[in-house]
Amino acid sequence: MNTFWSNWVTLLTLLFLIFMLIVVVYYWQKNHTADKNKTVDSFDNIKENDAAVPKLLLFSYGIAFLLAIVFLVLYPGLGNWKGLMGWNSASEATQPHPTNLKAQIAQAKLSKSSYQQLSQNPTIVNTGNALFQTHCAACHLSEAEGQTHFPNLTDDVWLYGGTDKDIYHSITKGRNGVMPGWKTILSTEDIHHIATYIASLQQDRIISAPAFALQQGKAGFNKYCVGCHGSNAQGNQLLGAPNLTDNIWLHDGSIDGIIHTLNNGLDNVMPAFSQQLSDVEIQALGAYIRHQNTLRKSVVSALNKEQIAQGQYLAYAGDCVACHTGEGGELFGGGLGFVTPFGTLYSTNISSHPEFGIGDYTYADFYDALHKGKGKHGYLYPAMPYSSYQYITDADTKALWAYMQSLNYVNTRNLDNQMMFPSNIRLGLLGWNIAFLNNKPLEYPTDSTESWRRGKYLTMSLGHCSECHTPRNIAQALIADKLFQGNLIDGWKAPNITATELYQDRWNVNSLTDFLKTGHSEKGTAFGGMAEVVKNSTRYLTREDVSAIAEYLITGDKYNVLDKSVGQITPPGFGHLIPVQINIQDPDLAEGPAAQQTKEQQLYGLYIQTCGACHGPDGKGRKGIAPTLLNNGIIMHKDPYDTIAVTIRGLAPSYLEQEIDFMPMSSFNTVLNDADLAQLITFVRQKLGGRDIPVTENQVTKIRKDLIKAGFAGNIHNLTQPMNNNPE
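Residues numbered from 1 in each chain as written. Predicted model: local features only at pLDDT ≥ 70, side-chain atom pairs only at ≥ 80, totals over all residues. Heavy atoms only, no water.

1. What about the UniProt feature "transmembrane region" (unreviewed entry) in the protein?
Step number 1: As recorded in UniProt, the sites labelled "transmembrane region" (unreviewed entry) are residues 6-28 and 56-75.
Step number 2: Secondary structure content for residues 6-28 is 100% helix and 0% strand, while the C-alpha to C-alpha distance between its ends is 33 Å.
Step number 3: Regarding residues 56-75, the helix share stands at 95% and the strand share at 0%, and the terminal C-alpha atoms are separated by 28 Å. (UniProt positions renumbered as here; feature names shortened; annotations may be inferred. Helix = DSSP H or I, 4+ residues; strand = E, 2+ residues; numbered from the N terminus.)

Have a look at this one:
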């Protein structure tokens, strides 16, 4: 500033400081004559007394005054005074930027150069960066990485083309992306089918939908969408219609987001900057955009391709996508909710997006999150299984890191956790780690086989099987000496999978390997959360690795010692039972002909009426309809929880393989009362599972109430009358 204004600023600053000093001295002296019992004035019967000013306040003012004097001597603050420290601002906003870009470009002999050539000149790139922060960063973010509805400018995916000419046109003329809404033309069902089909086009994206829904969606897409997006769904740059087959989404790419777009359409506008920016300024912006593209490519190209491939395999083994992908959402975009006793947690975006994901992490940050539960912005909740991931080797951690860095940006913002106080204070998780995190390395007995060792490593680290199948204490920490003894999760019991239980239920390495690799085996079919594990994780592993996991679980380990003295169960089957046709709607069943038959015949008749059509009269299942119940691992299991829960909840197909998917199983929540359901399940478990301990009415009642309260119970059938041989 000039001398006049410098002098005025200096004078006013000094006058203010002198005034503040006078105020402090005045009240310090006045305190000596103050009388707290003397009334100075009264307002609405409220008396103002002549009390002394607190000395602490006066000391504070005095200290602030002295600090202000010291600051103004050492640093700029008095007009043009530079301060004894000679400090200068390094802020981007205060740095002078060359304004004569035309002269810069001419001097560098780059007048007719491409944006890529201009991006090699640091001065021009710095100027472009300053212009970008002023005019573009509000929408495209500071590193041009983009956010929802505003494209990433650092990749090679361009809606309207990525040549210099296309970019110049976009900046000078703007763009207006328009898509019509279809909610007044298409039914809700049609829109849902089309959205599901579109989501299924992305590579590696797992969609839980029947073949019929995908066929209907494809038909609707071909009728209404190919005009803009093309018959191959790969878009049209002339129209700005995006490619729908890649994993890059400008707008919300979740199924719900696609449905919203189909319903309401889009009207996105990028303003024209022809009046605000000169041609040379646009050249500098183009140089900055190309520079950011080069930076991103250099990061990816520097990654080891073999490490990336290995890291992808390990990510499958770790089931990363299952937790870090919302329901129907974009891969690794986060947003999946976990309901805990302390509130709801949401998984985070772990794509390479530098702001919404982990793109700004260093390897050390990644290592700490994976092994120590220490995120870049605070300690992690143990829903992130770092208590298991801590066992991942350094080599595998580096491979995982390479893979995560190679991922495309996902522009999904993280959702805020809804945790109650004080569990919402992340620093408290340090105490949790100190109290409950066991840092001892995995132990491998000297007499163990190589495959058993591999199985333990995969099971206890990447596979983190104990995180679901082991009970937790009140602080949600795993109870180590109850390894694999089962735990309740989302209305299902992650069953006891100890070596003793597996042995008693006649699992072997081959059947367990089949189950983990395909979701199907002679012992039944995966459902619920386990179906998701197979779908997102274990089916991608080699059979050798899956077999190693099976060998480890079947053989046993510390806290999981195999006890063969329990013997093995052999279900008798239905034998030669003759079903008695009964009407479970008849309240006077005890007076009907079925009352003259044996109890087993009545129950078998009920089985035939409610279960036999799908599972077969012998309980061995029907291909493409329903799995076997005879020798089924869940029916044979010591704990009847999941058998009860299945009948109350019903089951949707797992959609592991369209060719071998079973039909949906209807809920029996409103079909049988608690007493009748207990009798039927007891009968089925005895004949098809070899378990003689009866299921009680109280067990069914409690589980039904819990499932209804949690919103899990289905209500598909409307048969409500009980089968009751005792009218009381």
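2. Digging into the pattern of salt bridges
Step number 1: In the structure shown here, the tally under the stated rule is 15 salt bridges.
Step number 2: Among the ionic pairs, D639 bridges to K493, the shortest N-O distance being 2.6 Å. Linking D639 in the loop between α26 (633-636) and α27 (641-649) with K493 in strand β11 (residues 492-494), this pair joins segments that are 146 residues apart in sequence.
Step number 3: Exposure remark for K493: the relative accessible area of 22% places this residue in the partly exposed category.
Step number 4: Close ionic contact of D505 with R691 constitutes a salt bridge, the shortest N to O distance being 3.2 Å. A residue pair is termed long-range when its members are at least 10 positions apart, and D505 in the loop between α21 (499-504) and α22 (509-518) and R691 in the loop between α28 (674-689) and α29 (697-710) qualify at 186 residues.
Step number 5: Take R691: its relative accessible area is 11%, and that puts it in the buried class.
Step number 6: Three or more residues are tied together by salt bridges with common partners; here these are E501, D505 and R691. (Salt bridge = Lys/Arg side-chain N within 4 Å of Asp/Glu carboxyl O. Buried < 20%, exposed > 50% of the residue type's maximum accessible area, 1.4 Å probe, protein only.)

3. Digging into empty space enclosed by the protein
Step number 1: Applying the stated criterion to the full structure yields 2 cavities of 30 Å³ or more.
Step number 2: Considered as a void within the structure, the largest cavity measures approximately 40 Å³ in volume.
Step number 3: Lining the largest cavity, in full, are K493, P495, I634, H637, D639 and D642.
Step number 4: For the second largest cavity, the calculated volume is near 30 Å³.
Step number 5: No other element matches the 3 residues that helix α13 (residues 305-317) contributes to the lining of the second largest cavity. (1 Å grid on protein atoms, 1.4 Å probe; cavity = no way out; pocket = protein on both sides within 12 Å on 5 of 7 lines; lining within 4 Å. Points joined across faces, edges and corners; volume = space filled by probe spheres on them.)

4. Quick look at the packing of helix α25 (residues 599-615) against α28
Step number 1: Contact pair α25 / α28: the axes reach a minimum separation of 10 Å and the direction vectors enclose 95°. In this view, α25 runs roughly perpendicular relative to α28, as classed from their interaxial angle. Between α25, through K599, E600, L603, Y604, L606, Y607, T610 and C611, and α28, the contact on the second element is made entirely by Q679, L680, F683, V684, Q686 and K687.
Step number 2: Counted by class, the contact of α25 with α28 contains 8 nonpolar, 3 polar and 3 charged residues. (Axes fitted to C-alpha atoms, helices over the stretch in contact; angles between N-to-C directions. Parallel < 35°, antiparallel > 145°, perpendicular 65-115°, else oblique. Contact = heavy atoms within 4.5 Å. Nonpolar A, V, L, I, M, F, W, Y, C, P; charged D, E, K, R; others polar.)

5. As for the pairing of strand β5 (residues 337-340)
For a regular strand, side chains alternate in direction, first toward one face of the sheet and then toward the other.
Step number 1: The sheet contact formed by β5 and strand β6 (residues 343-346) spans 4 bridges and is antiparallel. Paired with V339 across the strands is T344, a residue of β6.
Step number 2: Hairpin geometry of β5 and β6 is characterised by an intervening segment of 2 residues between the two adjacent antiparallel strands. (Pairing = 2+ DSSP bridges.)

6. A look at the packing of α27 against α29
Step number 1: In contact at an axis separation of 10 Å, α27 and α29 are set at 55° when each is read in the N-to-C sense. With respect to each other, α27 and α29 are oriented oblique. Between α27 and α29 lies a crossing whose hand is right-handed. Each of Y641, I644, A645, I648 and R649 in α27 lies in contact with α29, whose residues at this interface are Q699, V700, I703, R704 and L707.
Step number 2: Considered class by class, the residues forming the contact of α27 with α29 number 7 nonpolar, 1 polar and 2 charged. (Left-handed = near helix turned anticlockwise from the far one by under 90°.)

7. Observations regarding helix α7 (residues 164-173)
Step number 1: Taken together, the buried positions of α7 are I167, S170, I171 and T172.
Step number 2: Contacts made by the buried residues of α7 are with α4 (115-118), β3 (175-179), β4 (266-270) and α12 (279-301).
Step number 3: At the exit of α7 stands G174, carrying a positive phi of roughly 80°.

8. Notes on the UniProt feature "domain: Cytochrome c" (unreviewed entry) in the protein
Step number 1: UniProt records the feature "domain: Cytochrome c" (unreviewed entry) at residues 123-202, 212-293, 306-408, 450-557 and 587-688, using the numbering of this structure.
Step number 2: Between the C-alpha atoms that bound residues 306-408 the distance is 18 Å, and the span itself is 42% helix and 12% strand.

9. So, the sheet that holds β5
Step number 1: Taken together, 3 strands build an open sheet; the order of strands is β5-β6-β9 and the sheet is antiparallel. On the outer flanks of this sheet lie β5 and β9 (418-419), each paired with one strand and no other.
Step number 2: Pairing between β6 and β9: 2 bridges, direction antiparallel. Residue pairing across strands places G343 opposite M419, the latter belonging to β9.

10. Examining the side chain of D642
Step number 1: Looking at where D642 falls in the secondary structure, it is placed in helix α27.
Step number 2: Among buried charged residues, D642 stands out as having no salt bridge; its nearest opposite-charge side chain is R649, 7.1 Å away.
Step number 3: Look past the residues within four positions of D642 in its chain and what remains in contact with it is W492, K493, P495, F527 and I634. (Lys, Arg positive; Asp, Glu negative; His and termini not counted.)

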